Every structure is written in C-alpha cells, then in structure tokens.
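Chain and residue survey
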Amino acid sequence: MIRNTFITEFQYVAQHKPNQLIYGHGQTAVITGWTVKQAIAKHLQPSDYAVIGQLYSPTRGINLLVRNLLLNPHVRYLVIVNATKEDKNAGASQCLLDFFNHGVQENLSDTGRETWVIPARIPGYIDIEIDINALEKLRHSLEVIEAKSISQAVEKIKNYAQKPILEPWGKPIEFPLLTIESNVLPGTRYGHRIEGKTIAETWVKIIHRIKTTGTIRPTGYDGKWQELIDLMAIVTDEPEEFYFPEPNYLPIDRSFLQEYISQVLDDAPDREGVKYTYGQRLRSWFGKDQIQQVIDKLINDIDSARAVMSLWDANKDNNDSPPCLNHIWVRIVNHELSLTATFRSNDMFSAWPANAMGLRALQKHIYDAIKKAHPQLKLGALITVSQSAHIYDDCFENVENVIGTQYRKITQQRDYQDPAGSFIIYIQSGKIIVEHTTPGSGEVVNCYFGKSATQISRQIVADCPGLQVEHAIYLGLELQKAEVVLSSQEGLIYEQDKPLKIISSLSSLTANYSN
C-alpha cells in the first residue's frame, strides 16, 4: 500500500468560489488580501503551492475560506499576505491571522444570528453550523505565517516547498452552507432614481430598492447578485465632515474613510500587487493631472460642460479587474457645483458608501479650489450613476437587517418639498379647481378644473411626470375627497388637508329660513 508520504502532488478542491483561485499541487495555501494574486503566482511554480486566492472581506470571505480549507486537509502551511495599505484597511488578512492565533467566540452577528465571531479590529464571522472541534483542529494543524511584502511571501512559499511532504492532518470535512434567497417584487427594469439628504440615508433607500425589485443573476465570481440596471443616486446635503449614524450601521467607519479618501484624491506610485488606485488614474495615469485640469477649466469658464475626468484606459483595461469608476463630470449651474460619477459596476452594500464619501471629498476639493475665483459658489449635489447596481448574495442577511432596522425610520422622516411644485385644491362654481404653484415662491403656473378626480389626476400626471410618489398618492386622495363632496347630497364641505365636514344642523336651519 502506498502511503501519503510518497505522494508528491495534491489536488486542491474548492467548493466555494472555485473560479476565483489559482491552483497548484503543493501543500501551501496563499491568501493575498487585496494584493493581486497574480503578482505572487508569477514568481512561483505550481508545485510550490496548493492554491492562491484573494480575501477582500473578513465578514464575507473567511467563512468560505475556512470551509475550503476543511475540505483540503493536505494543506499544511498558510501564508497570509498583509502587505499594502489596502490589505490593512480591509482588515481581512489580520482577521484571518487572529483566527489562527486566538480562535473564535460564540456570539451574535450584526444581524442577531448566532455565529462564531473572530475577535479582531474588523470581526469575522464563521457559521455556527461548523463544529468547533473541526475549527480547533484546523487552527492547530496548519503552520501560519504573515508576509508583509510580496518578496517575503514568495520566499516563505518556496521555503515551505522544500520541506518534506506531510500527511494530511485529517479527512476532508464538508458542512452544508446556509443559503438565503430573496423574494423579488415586480419593478422597473431600467433607470431608477433615488434621492436623500445624506449618504447614509440614500444608501438605505438604495439597498431597499435593490432588495425589493432587483433581478437575481449569476455573477462572474462564482455566486449570485441582486441587480438593478442604471441606478441614479442623488445626495443633496452631505455635511462637510460626513454624517455617520449613531450607532453606525454603515459598512465603513471614519478610520477607514480617511485612508480611502487618499486613494481617490492622491497620486500613487506603481506598486507591485496593486493594479491602480482611483487617485492614480485621475492624477497621472494618462500623463495629465485631470483634477487640476477640471479646476483650471472651471475657474476660467464657470459655465463649461467639458469638466470631464476619465478613468477607463481602452489600451489596458481589457483584463479581469478594470476600474469600476469610469467617468466623472463636474458642472456648475446656478452657482452650485455638482459632481456626477459613472460606475460600470457597483457593489452597493459594501462599497457604495465609501465610493460616495470619496467622491464627495473630491467634489469638496474642487469646490475649495474654485471658490476664490467664484465667491458666490455653493456646493451642490453628488450624483452617482451605477450601471450595474448590485448586492452580493453573501450580504443578503446583513442587508435585511439594515432594512429592517433603518428603512422605516428614514421613510417616516418626510420632506414635503417636491421640486415639481405644490397644488392648491378647492371647489368653486360646482367644479374642482387645482392650481399648480412653483416651489418656494408659490407662483401659479397652471390650473386644472373639472368634476372628475380621475380626469384631473390624468392631466396632472401627463404634465408633471416627475412628481414624487408620495405626493402623487396624496393628490389622488385629496382629489377623490373633493369629488365626493361635489357629488354628495349630504351637505359636505371640502377643505384641503382636513377631514370632510357635514354642514351643521343649525347652519341648515338658518339656510332653510333664509329660503
């Protein structure tokens, strides 16, 4: 009988995210964090490693990684790359190190689900269904090392490859993965508009819209996402220092934000393992500082519609990781500086809040540079257009939790200001009269009249297709009340925004004696 010690090649079997990994036939698994996995693989031979994969998020990725490792007990060494500031900001590599160093604690996840929690700066979650004995056996069976650079990682991997072959630490173990499905309601397929005062408020509305009516489709990353096509999000009043709710339900905090803003505003030298940053694309990638070009253009021509920044490189972006942010347009109208950013693909749950805050910081940077030349300038809206606005299936549970705890609170904070104007409704000469007035000044711009609520509603909808939904429903209710009064024989009185009233018996008697 041939013993395992004579086996020189192993096959790594990945049940989760199999198409996102680079496979070898050694005994070392390599976890690269945000560092591009090909940057390490190109220095190695397949015999040097068992598998190389990236780990972006401790809350989403470690649970699947642990399951894959339990299925592959021939892996005896683990090299965890924690090299770049992106790796450190995400916290996934450090969280994985903390798992092997300190284990897990039984606790509740953010959604209130019983789970194994990895105590770390950014905690990681492992399904409670995975037996603790299996987790402990895994922790103590692998030799784990942190690599703080690509060169150090390659050196460690090659050293492990020179060691004698070890028998697997046990038998493959598989635990069924809990899947969470989404109930989808009918909705518009293309073109969605969502507006909020702050990024936090707008984000909750976004994930609610996607979770409610988004189409569930397969992704290019061995999973599913729920997606809306062409979602426009408008943030009108984000404060200068940014609003973080208390307690904070956003997927980012202030400590992460400062580093992320630097990646949007600042140039970055080429670094092995990092394909690009948005700041590098904007500052130097095409040989021009596009941010400064936009500032100069708007200082010289405040009405310019050519203040454009592009991040898509047609010569280099036909690869597996092109930039998600492709186009930025800055416009000044009525002394307000707005910024519109177009994303070809946008993770709306985990990434959009940071994306929006980084873009708001860019918008403020441009505003500050231009304001001296145009003292009347105000900071306007931030608009993002996400062509594929999606939520990954491994976030569905967290999404449901945020929606369940925050959406109703946000929608109850009603703002009755509709950019489409206001409507004054009254009855006169046996007809329903509706005056359409401008917001603010209250100037009458149109007038509708008739006896049918349906007829008047259709006229208003035809003339004002941009009415807010709540405002449109309100108008329908008020017009129906007016029609009831008009057709009633019971002496009802209509007053807008008030319950219907019956003429008092005293008033009726007075009217009879007068007759």
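Predicted model, so just to flag it, every value in this text is computed and none were measured. (Residues numbered from 1 in each chain as written. Predicted model: local features only at pLDDT ≥ 70, side-chain atom pairs only at ≥ 80, totals over all residues. Heavy atoms only, no water.)

In space, the five strands of this open sheet follow the order β1-β3-β2-β4-β8, with mixed pairing throughout. A single partner strand is all that each edge strand has here, and the edge strands are β1 (22–23) and β8 (143–147). Relative to strand β3 (residues 51–53), strand β2 (residues 28–31) runs parallel, the two being bridged by three bridges. For Ala29, the partnering residue across the bridge sits in β3 and is Val51. (Pairing = 2+ DSSP bridges. Helix = DSSP H or I, 4+ residues; strand = E, 2+ residues; numbered from the N terminus.)

Read from one edge of the open sheet, three strands run β17-β18-β19, paired in antiparallel fashion. Of all the strands in the sheet, just β17 (422–428) and β19 (444–450) have a single pairing partner and so form its edges. This sheet shows a mean twist of 20° between the axes of neighbouring strands, independent of strand direction. With seven bridges connecting them, β17 and strand β18 (residues 431–437) associate as antiparallel partners. In the sheet register, Tyr426 faces β18, and the bridge partner there is Ile433. Contacting β17, β18 and β19, helix α14 (residues 469–487) runs over the sheet at an angle of about 5° to β17. (Axes fitted to C-alpha atoms, helices over the stretch in contact; angles between N-to-C directions. Contact = heavy atoms within 4.5 Å.)

Checked against the element boundaries, Gln263 lands in helix α8 (residues 254–265). Not counting chain neighbours up to four residues away, the residues in contact with Gln263 comprise Lys85, Glu86, Asn89, Thr277, Tyr278 and Gly279.

Below, the discussion takes up the confidence of the model for the chain. The predicted model of the chain averages 90 in pLDDT, with 95% of residues at 70 or higher. In this model, residues 1–5 is a region of pLDDT below 50 whose contacts with residues beyond four sequence positions or in other chains number six contacts. (pLDDT = per-residue confidence, 0-100.)

Where nonpolar side chains cluster on the molecular surface, the patch consists of Val469, Ile473 and Leu477 and spans about 330 Å² of accessible area. For Leu477, the position within the fold is in helix α14. (Patch = residues over 30% accessible without salt bridge, like charges linked within 9 Å, V, L, I, M, F, W, Y side chains within 5 Å. Areas by Shrake-Rupley, 256 points an atom, 1.4 Å probe, with all protein chains shown as cover. Salt bridge = Lys/Arg side-chain N within 4 Å of Asp/Glu carboxyl O.)

A few words on α8. With 12 residues, α8 should cover 16 Å at 1.5 Å per step; its first-to-last C-alpha distance of 17 Å lies within 8% of that length. Along α8, the residues classified as buried are Leu257, Tyr260, Ile261, Gln263, Val264 and Leu265. Buried residues along α8 sit in contact with α3 (85–90), α9 (278–283), α10 (290–300) and α11 (352–371). (Expected span 1.5 Å × (residues − 1). Buried < 20%, exposed > 50% of the residue type's maximum accessible area, 1.4 Å probe, protein only.)

Next up on the list: the packing of aromatic side chains. Per the counting criterion, the structure on display carries nine aromatic pairs. Relative to Tyr56, the ring of Trp34 has its centre 4.8 Å away and its plane inclined at 80°; by these criteria the two rings are edge-to-face. Taken as a pair, Trp34 in the loop between β2 and α1 (38–41) and Tyr56 in the loop between β3 and α2 (58–70) lie far apart in primary sequence, 22 residues in all. The exposure class of Tyr56 is partly exposed, given its relative accessible area of 41%. With a centroid separation of 6.2 Å and an interplanar angle of 35°, the aromatic rings of Tyr276 and Tyr278 are classed as tilted. (Phe/Tyr/Trp six-rings, centres within 6.5 Å; stacked < 30°, edge-to-face > 60°.)

Packing of helix α7 (residues 199–213) against α11 leaves a shortest axis separation of 10 Å and a crossing angle of 145°. The handedness of the crossing between α7 and α11 is right-handed. The residues of α11 that touch α7, namely those facing Ile199, Thr202, Trp203 and Ile206, are Trp352, Pro353, Ala356 and Met357. (Left-handed = near helix turned anticlockwise from the far one by under 90°.)

Mapped onto the fold, Ala373 is located in the loop between α11 and β16 (378–392). You can call Ala373 partly exposed: its relative accessible area is 39%. For Ala373 and Ile302, which are 71 residues apart along the polypeptide, the C-alpha to C-alpha distance reads 9.5 Å.

Formed by 62 residues in total, the largest nonpolar core has its most connected members in Ile328, Val330, Leu362 and Ile366. In terms of residues, this core owes the most to one element, α11, which gives 10 residues. Not counting residues within four places of it along the chain, the set of residues in contact with Val330 comprises Val294, Leu298, Ser304, Ala307, Met309, Leu337, Ser338, Leu339 and Ile366. Membership of the second largest hydrophobic core comes to 32 residues, among which are Ala14, Ile31, Val66 and Leu70. (Core = buried A, V, L, I, M, F, W, Y, C linked by side-chain atoms within 4.5 Å.)

Below, the discussion takes up unusual backbone geometry. A negative phi angle characterises most non-glycine residues, just as the trans form characterises most peptide bonds. The amide bond that connects Glu246 to the next residue, Pro247, takes the cis arrangement and shows omega of 0°. Within the element layout of this structure, Pro247 appears in the loop between β11 (224–235) and α8. A positive phi angle, near 65°, is found at His335, a position not held by glycine. Position of His335 relative to the elements: it lies in the loop between β13 (325–333) and β14 (336–343). By relative accessible area, His335 is classed as partly exposed at 39%.

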